[in-house]
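Here are the chains, one letter per residue:
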There are 2 protein chains.
Amino acid sequence: MIKIVVDAMGGDKGSSIVCEAILNFLKDNKDVEIIACGKKEELASLEGQARIIDARDIVPMEAGALEVMRLKNSSMMMAIKTMKDEGYDAVVSCGSTGGFLSAATINLKMIPGVKRAALVAPFPTQIKGKNVVILDIGANNENSPEELVQFALMGKLYSQSVYGVEVPKTYLLSNGAEEGKGAPEVKEAYKLLKEANFEGFSGNIEARYALNGDADVVVADGFTGNIFLKSSEGIAKIMSGMIKKAFKKNLWTKLGYLHVRKGMKEMSDTLDYKNTGGAMLLGVNGAVVKAHGSSDAYAFYNALRVAKKLAEKDVVNQIKKGIENA
Amino acid sequence: MIKIVVDAMGGDKGSSIVCEAILNFLKDNKDVEIIACGKKEELASLEGQARIIDARDIVPMEAGALEVMRLKNSSMMMAIKTMKDEGYDAVVSCGSTGGFLSAATINLKMIPGVKRAALVAPFPTQIKGKNVVILDIGANNENSPEELVQFALMGKLYSQSVYGVEVPKTYLLSNGAEEGKGAPEVKEAYKLLKEANFEGFSGNIEARYALNGDADVVVADGFTGNIFLKSSEGIAKIMSGMIKKAFKKNLWTKLGYLHVRKGMKEMSDTLDYKNTGGAMLLGVNGAVVKAHGSSDAYAFYNALRVAKKLAEKDVVNQIKKGIENA
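Given the structure is predicted, the values throughout are model-derived calculations rather than measurements.

### Structural notes on the pattern of salt bridges
Residue and element names in this part refer to chain A.
Next up, step 1: What the rule picks out here adds up to 30 salt bridges over all chains.
Next up, step 2: Notably, a salt bridge pairs E41 with R56, separated by 2.9 Å at the nearest N-O pair. Residue E41 is located in the loop between β2 (32–38) and β3 (51–54), and its partner R56 is located in the loop between β3 and α2 (65–70); the two are separated by 15 residues in the primary sequence.
Next up, step 3: Exposure remark for E41: the relative accessible area of 48% places this residue in the partly exposed category.

Written out as structure tokens, the structure reads:
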């Protein structure tokens, strides 16, 4: 049995989408047990399906670490603590990113030897079915070269255990492919990875090639990774809006849409974060999955799928072993 | 008369596209004089239209500052020097970015008071016809908070003089909108701009909202700005590829394309760097325009258009005055 704790509150769309996602997920996955933390009157639909822990407080979307730690009776804190106390495999939340990541890190503690936890997500690439693992996409505001090197290691272990890539091609995200390009931390990390003969290290990669399917792992500090993530989101949104407008123009363009809607859907599915489901916080003791704040039931379902996969693949222990042996 | 010097060599597509662009541009702009620097036998088509300066060396695409400075007889160095010696208004090149920017900075010198030059480009936004000025998109590998503050000032002056925006809404690119978000330099720059009551300063902006049409100026260090630029390019390319694939599937989808091709063209035009033409190096004595390395004749034509506009709007002197009075 895979056991997942869910913070059912705190997302932009309220607890109903979380309940819907949980019910669908349990229907499709008989080998999963779920505990949901939240206001019990809002979680009534889960009765008989999932255990419910009544949690009266909701962490506001913009809450920082201190505020979360103070809200001991919040669904988020109860979820994290329940995971720890009852030895559950994974915890999922679509609440405040900063709050969730800090609270999870403080409560679950970092894996011995880990300098900083990193938020990792698989991105779609131009090669159908191939994902690239990018980290850190936002757990940190800055990172030292040594931390970047460790992100490379954690990304490699993630790629190996989740995707089964034997020797992941690992790159540093930079402003040029050549050695010597990049912010000072990137240059130094390059040197360290090269000196260490880091298996699979393939140099720098420019942001425009990060998703072309060559890389298995792309490493960035949390600030830069977050800019990468959100620029991609921004352009995809602008393009989608323009495509919609082009098809809505008149009857003929609407007819035109009928012919390509399958292809268009394939495109938007590939790029839709909702299919990815959730990002994982790598480096802490436990599978911590952050779903997008504006998740709908479909996106949250996929976040649960990610949590299950991480538990099945035993990613946390793979990271532990990998760090120990490094 | 607006006087422009062109480095006719060093781009991915050779000198022929540059000659084609120059001839078309001169046809459309009777108030412009052009000097072209390059191998005179390759520039024969320009005879009678533009002055030609024979330059035998070509700067390799990956050349750094030192290599460019050593190649004194290269088309790039000759172009920069000619601009300086003959008091031309602008210089345009589609050669090595790093080499061109450094050589231009060293030869033309920085405007007194400028700490670091910054590469600036207008980006399309969701609001039709509105551009947002983003800097630095790649002249620097790192920037101090004080440099970011000065980029905000130069961006504001650019937006005012080129686009006529009276009080440009100026943002810092960050990983969250709230004060206190961001890399340490961003946080400190925020504080400095706030303390200085910087006119138009509107706080942080996330990468996903940078192109939604709200911002007039977005400030980033050169490394982060370059990641932003290239992530956007990357996703746009992936999406375009997928759209093409969707339309090529069968006869019906091809027919569908006929109906929406106008709308699709509008989209790709909006996002195509070729329409933007070139990025300007702000902060040096002279209008220095960097065209994309893979420019075709159309893109290079637009780079010449940018150079003319910068000269007409007297951007360099506006920056000078603005820095003096700051």
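### Describing helix α3 (residues 75–86) of chain B
Count 3.6 residues to each turn of an α-helix, and residues three or four apart come out pointing the same way.
Next up, step 1: Taking 1.5 Å of rise per residue, 12 residues should cover 16 Å, and α3 of chain B covers 16 Å from first to last C-alpha, within 8% of that figure.
Next up, step 2: Residues S75, M76, M77, A79, I80, T82 and M83 of chain B constitute the buried set of α3 of chain B.

### Topic: the side chain of N175 of chain A
Next up, step 1: Counting through the fold element by element, N175 of chain A comes out in the loop between β7 (170–174) and α6 (184–195).
Next up, step 2: Given a relative accessible area of 10%, N175 of chain A falls into the buried group.
Next up, step 3: Here the side chain of N175 of chain A touches S174 of chain A through a polar contact of 3.3 Å, side chain to side chain.
Next up, step 4: Among residues more than four places away in sequence, those in contact with N175 of chain A are K181, G182 and E206 of chain A together with N140, N141, F223, N226 and K230 of chain B.

### Side note on the relation of the copies chain A and chain B
Mapping between the two copies of the chain is achieved by a rotation about an axis and a shift along the axis.
Next up, step 1: Overlaying chain A with chain B gives an RMSD of 0.0 Å, the required rotation being 180° about an axis along which the chain moves by 0.0 Å. When the rotation and shift are considered jointly, the pair of chain copies conforms to a two-fold rotation axis. Looking at the rotation axis and the C-alpha trace of chain A, the residue lying nearest is G256 of chain A, at 1.8 Å.
Next up, step 2: A high fraction, 100%, of the interface residues of chain A reappear at the interface in chain B, so the copies pair face to face through one surface.

Reading the values: the criteria
- Residues numbered from 1 in each chain as written.
- Chains lettered and ligands numbered in written order.
- Predicted model: local features only at pLDDT ≥ 70, side-chain atom pairs only at ≥ 80, totals over all residues.
- Heavy atoms only, no water.
- Salt bridge = Lys/Arg side-chain N within 4 Å of Asp/Glu carboxyl O.
- Helix = DSSP H or I, 4+ residues; strand = E, 2+ residues; numbered from the N terminus.
- Buried < 20%, exposed > 50% of the residue type's maximum accessible area, 1.4 Å probe, protein only.
- Expected span 1.5 Å × (residues − 1).
- Polar contact = N/O pair within 3.5 Å; in protein donor to acceptor, adjacent residues only side chain to side chain.
- Contact = heavy atoms within 4.5 Å.
- Least-squares fit on C-alpha atoms with pLDDT ≥ 70 in both.

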